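# Notes for the structure review
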Amino acid sequence: MNGTASLRLPGALMDDLRAHLFCADGDEHGAVIGASVHQTGRGMRLLARRLFLAEDGIDYVPGERGYRMLTPGFVLRCVRSCSQEGLAYLAVHNHPGTDRVAFSCDDMASHRRGYPALLDILDGPPAGALVFARNAVAGDIWLSPQDQIELDHAVVTGRTPQVLYPAPRKPRTADARYDRQARLFGDRGQAILGSQKIGIVGAGGVGSLVNEYLARLGIGHLVVIDDDQIEDTNTSRVVGARASDWKPRWLSARIARRLGWKPTPKIRIAERVAKEANPDIRFDAIDADIVDPNAADRLADCDAIFLAADTMRARHVVNSICHRYLIPVWQAGTKVQVNDSTGDIADVFSVVRHLVPGESCLWCSGLIDRTRLAEEAASPDQRAAQTYIDEIPNPSVITLNAVAAAHAVDDYLFTTVGLTSPDTRAEWIRHHPLAGYFAQLKTHSEPDCRQCGEHLAAGPLEPLPVRERSQ
Ligand SMILES: [Zn+2]
Ligand SMILES: [Zn+2]
């Protein structure tokens, strides 16, 4: 296993924890976090799922060796609850200070005394401790009595994600090619972009633009998922597509079909564009549908995901990944609405929806249609039998796509490099070019929604709504 660990905390959980740790008395306070454990190629990700606040004087008392301690009874209640749910146990307290924090010698001695026994109760997931200052966190994670790792960083996945480290890190000076944008984002912002792994679902009209923008901005690692090939009708919108990707000029369409000529897959066009923009980029081209479990898994350790495929199944899978794995999503799309009876254009819009884990959800906002979801899940034969023949292509124009794609990437950029104000509201923006206005839409999360509530931060404990794995 890659020997690093990071922690992701939903914004609301972190708000509750902050209010408890940093209340007006300025003293130390205690809590426990139960976290699901996701082993990834980028190290272990701990996903904060449960928060147990220790009541001062009852659960958190003057220590026998250190300043304060969690009572054995509180520890046992929490560790049993974590064990039942298959969660890691993380004891939490705070130290004074703002930007740097570390465990005391007493803290470390108490870990050595206590954690081997807690590991026995947990029987699998790690036990450990976190110590917070206002803008910093350190962690000591015990995988076994012999094997401990330090927490590298924590991400609070609110509207404006916040990254906490044990101490401030000095970023490298941005590469000269990024000089102009680094004047806005700073070396720190550029370093964040270079360290990011971003998923793009759909490499068509909107996705191809998102791919080009992210590659040129200096994102370190892209994972692009699409199982489609270029057609002559989409070369007008897929950036980087060449006429020859559809078929050689000297070959007629009829002969090309007869010869079984294969046009270029859209992911290969995206890869070409990304690598021409930045030869150092790491690019994973996934030639699969998002409901393929192996494709969906590749998104679960990303830092952000762009959803640019307009099927209900893609919405359902990506919405699930957002809330289960605490990964922010930007859905970008366009729509031309045609009046069925008259054939007139009723409305045209570009829309961007920023999904914040636990806060805004495509199910709660009524944007996943159960009937269409079931129709999409049916096999091609079943669909034909259901006379589901919705094959009239929708109108689509590159400029509408560009508004949505640029808006989505802009919002990702400014929240990720920390330029948006923390109290900016996560409203969705829809641009109506015919009527000439932008609409702000309220985001939504229902208290009893399983997707953004019960399954929040469940990670691998709750399987994704994908196709069954073939054995
Ligand atoms: Zn301490
Ligand atoms: Zn929901």
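Residues numbered from 1 in each chain as written. Chains lettered and ligands numbered in written order. Predicted model: local features only at pLDDT ≥ 70, side-chain atom pairs only at ≥ 80, totals over all residues.

## Some details on the overall build of the protein
If you tally the helices and strands in the protein, you get 14 helices and 18 strands. Relative to the 2.2 N^0.38 estimate, which gives 23 Å for 471 residues, the radius of gyration of the protein is 24 Å and therefore close to what a compact globule would have. Restricting to contacts in the protein with at least 6 residues of sequence separation, those with at least 24 account for 71%. (Helix = DSSP H or I, 4+ residues; strand = E, 2+ residues; numbered from the N terminus. Rg over C-alpha atoms; globule rule 2.2 N^0.38 Å. Contact = placed C-beta atoms within 7 Å.)

## Thoughts on helix α4 (residues 179-195)
With 17 residues, α4 extends just 17 Å between its outermost C-alpha atoms, more than 12% less than the 24 Å of an ideal straight helix rising 1.5 Å per residue. For α4, the set of buried residues is A182, F185, G189, Q190, A191, I192, L193 and G194. Residues of α4 that are buried sit in contact with α5 (205-217) and α13 (398-416). (Expected span 1.5 Å × (residues − 1). Buried ≥ 20, exposed ≤ 12 C-beta atoms within 10 Å, placed from the backbone.)

## Overview of the sheet that holds strand β18 (residues 437-441)
Here eight strands make up an open sheet; going across it, the order is β13-β12-β11-β14-β15-β16-β17-β18 and the pairing mixed. Both edges of this open sheet fall to β13 (282-286) and β18, since each of them pairs with a single strand only. Each neighbouring strand pair of the sheet contributes to a mean axis angle of 15 degrees, computed without reference to strand direction. Alignment of strand β15 (residues 329-338) against strand β16 (residues 345-355), held across ten bridges, turns out to be antiparallel. Of the residues in β16, the one forming a bridge with A332 is V352. Sitting on the sheet, helix α10 (residues 312-325) is in contact with β11 (197-201), β14 (304-307), β15 and β16, with an inclination near 165 degrees to β14. (Pairing = 2+ DSSP bridges. Axes fitted to C-alpha atoms, helices over the stretch in contact; angles between N-to-C directions.)

## Some words on the domain arrangement of the protein
Along its sequence, the protein is organised into domain 1 (5-164) and domain 2 (176-461). Placing a centre on the C-alpha atoms of domain 1 and another on those of domain 2 gives a separation of 35 Å. Contacts between the two partners involve 20 residues from domain 1, matched on the other side by 22 residues from domain 2. Of the residues in the side of domain 1 that touches domain 2, the class split is six nonpolar, nine polar and five charged. (Domains from an automatic or database assignment. Nonpolar A, V, L, I, M, F, W, Y, C, P; charged D, E, K, R; others polar.)

## Looking at the pairing of strand β3 (residues 43-53)
Note: strand β1 (residues 5-9) against β3, four bridges, orientation parallel. When the bridges of β3 are listed, A5 appears paired with M44. Counting the residues in the hairpin turn of strand β2 (residues 30-40) and β3 gives two residues.

## Notes on the packing of α10 against helix α11 (residues 370-377)
Where α10 contacts α11, the axes come no closer than 8 Å and their chain directions differ by 105 degrees. The pairing of α10 with α11 is recorded here as roughly perpendicular in orientation. Listed contacts from α11 to M312, R313 and H316 of α10 are R372, L373, E376 and A377. Of the residues in the contact of α10 with α11, the class split is three nonpolar, one polar and three charged. (Parallel < 35°, antiparallel > 145°, perpendicular 65-115°, else oblique.)

## Some remarks on the nonpolar core
Ranked by size, the top nonpolar core spans 129 residues in total, and within it V210 and I305 carry the most contacts. Looking at which element gives the most residues to this core, the answer is α13, with eight residues. Shared between two domains, this core takes at least three residues from each, and those domains are domain 1 (5-164) and domain 2 (176-461). Sequence-distant contacts of V210, that is, excluding residues within four places in its chain, are made with I200, F306, A308, A332, A405, A408 and V409. (Core = buried A, V, L, I, M, F, W, Y, C linked by C-beta atoms within 7 Å.)

## Topic: the environment of A346
With respect to the helices and strands, A346 occurs in strand β16. For A346, a count of 11 C-beta atoms within 10 Å translates into the label exposed. Contact partners of A346, with chain neighbours within four places excluded, come to Q337, V338 and N339.

## Examining the environment of D147
Summarising the element assignment, D147 is placed in strand β9 (residues 147-156). For the pair D147 and G3, spaced 144 residues apart in the sequence, the C-alpha separation amounts to 9.8 Å.

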